[in-house]
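Residue-level structure breakdown
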Amino acid sequence: SILLGLESSCDDTAAAVVQGVPGKTRILSSVVFGQAELHAAFGGVVPEIAARAHAEKLDTCVRMALEQSGKRLSDLSAIAVTSGPGLIGGVLSGVMCAKGLAAGAGLPLIGVNHLAGHALTPRLTDGAAFPYLMLLVSGGHCQFLIVRGPGEYRRLGGTIDDAPGEAFDKTARLLALPQPGGPSVESEARHGDPERFRFPRPLLDRPGCDFSFSGLKTALLRTRDGVMTDNRLKRRDRADLCAGFQAAVAEVLAEKTRRAMTIYMNDKPAAPLLAVAGGVAANRTIRAALLEVASEFDAAFLAPPLALCTDNAAMIAYAGLERFAAGEADDMTLAARPRWPLDRTSPALLGSGK
Ligand code: ATP
Ligand code: FE
């Protein structure tokens, strides 16, 4: 089958076309319009501005995705759209656009959980076999999921406050480094000493797979103020602060992943796999730490290409394709859901939430 997917739940407007069957799918096109410049001045995503930009860009995005795929609306099997969770204005824009397209072309409409999109990406890129363990680490999310089927998730734990990407972004702000913080902190850390400042490893002393990252930022602020003279931060100190911060995040992620892997291995997977998604998965120190953990369990490690780790519509089209293949679809009553945990809605993936 051939599916068009739409994504507009945060600050990227995206459309993509995929073709194939579950586990064997090609991406025919994937268009992403970022909104970073629009929100840059505000130090965060402004929901109202985001919603408006999505509404303005969606048509063009869809047209480009279709054009680049070489397909027409009439070639499609169904339309998939992120129907939650996310900023409601953006999600609504996407859902309305998808409904219009589906109604106009007489195609089935399929609502997709944004997190399911991320969680199923290893199937899209590598045809990963169920069950696998997914660590989703981005600017908005941090959680472990055992992915047992296209609509079957078990959440093992997650952050109780900030997401790691958010912590990287705040750290960059505190050290006067450019946004997004992840890449700039990582490149500073490359010539820093990770041992000089010992930052806390939050929640490591407690059992379970939950994370906390907000305390790390406070510790960083205090340490920064301790080494600043005349309100100035030396290059060396900044690099060491970045390296110390990054080492703390990597160690916490690795240790919690060890615990999550232990639980996952109880499923006795035939081909054990640890997969990551989300922008933070781009970090080389973090990747290396996770790869190490996977090898301790004789598991494979998979980090999809960055463009498919961060928000995109190919993953939404793919998650839609899995639902479509299972004979599922929604109708015009499909609702936009700002909150939508993956593992509470029983076997329904996805679903319309009815
Ligand atoms: P979500 O997709 O969960 O709604 P988001 O759009 O903010 O949130 P992504 O686009 O997946 O998330 O990732 C962006 C985040 O990843 C930013 O917080 C950014 O700082 C972080 N990031 C990007 N590159 C790196 C890196 N090399 N090291 C650490 N963090 C990184
Ligand atoms: Fe996302």
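Rules and cut-offs
Residues numbered from 1 in each chain as written. Chains lettered and ligands numbered in written order. Predicted model: local features only at pLDDT ≥ 70, side-chain atom pairs only at ≥ 80, totals over all residues. UniProt positions renumbered as here; feature names shortened; annotations may be inferred. Helix = DSSP H or I, 4+ residues; strand = E, 2+ residues; numbered from the N terminus. Buried ≥ 20, exposed ≤ 12 C-beta atoms within 10 Å, placed from the backbone. Contact = placed C-beta atoms within 7 Å. pLDDT = per-residue confidence, 0-100. Near = placed C-beta within 6 Å. Nonpolar A, V, L, I, M, F, W, Y, C, P; charged D, E, K, R; others polar.

Looking at an unreviewed UniProt entry, one finds the protein named tRNA N6-adenosine threonylcarbamoyltransferase, with Pseudooceanicola pacificus as its source organism. Quoted verbatim from the Sequence similarities (unreviewed entry) field of UniProt, the annotation for the protein is "Belongs to the KAE1 / TsaD family."

To continue, consider the UniProt feature "binding site: Fe cation" (unreviewed entry) in the protein. UniProt's feature table lists "binding site: Fe cation" (unreviewed entry) at His114, His118 and Asp311, given in the numbering used throughout. A maximum C-alpha distance of 8.9 Å among these annotated residues, which run over 198 residues, shows that they cluster at one spot. When you line up the elements, histidine 114 lands in helix α4 (residues 114-126). Take histidine 114: there are 26 C-beta atoms within 10 Å of it, and that puts it in the buried class. With sequence-adjacent residues up to four places away left out, histidine 114 is seen in contact with Ser9, Thr82, Gly84, Pro85 and Gly86.

Chain-level statistics for the protein give a pLDDT mean of 93 and a share of 97% at 70 or above. Confidence drops under pLDDT 50 across residues 345-354; counting only partners more than four residues distant or on other chains, this segment forms 26 contacts. Interface confidence in the predicted complex, given as ipTM, is 0.97; pTM for the same model is 0.92.

Our focus in this paragraph is the site of ligand 1. Near ligand 1, the surroundings consist of 21 residues, among which Gly139, Gly140, Gly165, Gly182 and Gly279 are the closest. A per-class count over the shell around ligand 1 returns six nonpolar, 11 polar and four charged.

Once that is clear, we can look at unusual backbone geometry. With an omega dihedral of -15°, the bond running from glycine 84 to proline 85 counts as a cis peptide bond. Position of proline 85 among the secondary structure elements: in the loop between β4 (78-84) and α3 (88-105). With an omega of -10°, the peptide bond running from phenylalanine 130 to proline 131 counts as cis. Within the element layout of this structure, proline 131 appears in the loop between α4 and β6 (132-137). In the Ramachandran plot, alanine 176 falls in the positive-phi region, its phi being about 55° despite a non-glycine side chain. For alanine 176, the location among the structural elements is in the loop between α5 (164-174) and α6 (181-189). Within the chain, leucine 203 stands out as a residue other than glycine whose phi angle is a positive 65°. With respect to the helices and strands, the residue leucine 203 is situated in the loop between α6 and α7 (214-227).

Here the focus is the environment of glycine 127. One can find glycine 127 in the loop between α4 and β6. Looking at glycine 127, the number of C-beta atoms within 10 Å reads 12, which means it is exposed. Once the C-alpha coordinates of glycine 127 and arginine 173 are considered, the two residues, 46 residues apart in sequence, prove to be 39 Å apart. Aside from chain neighbours lying at most four places away, what touches glycine 127 is Gly23 and Lys24.

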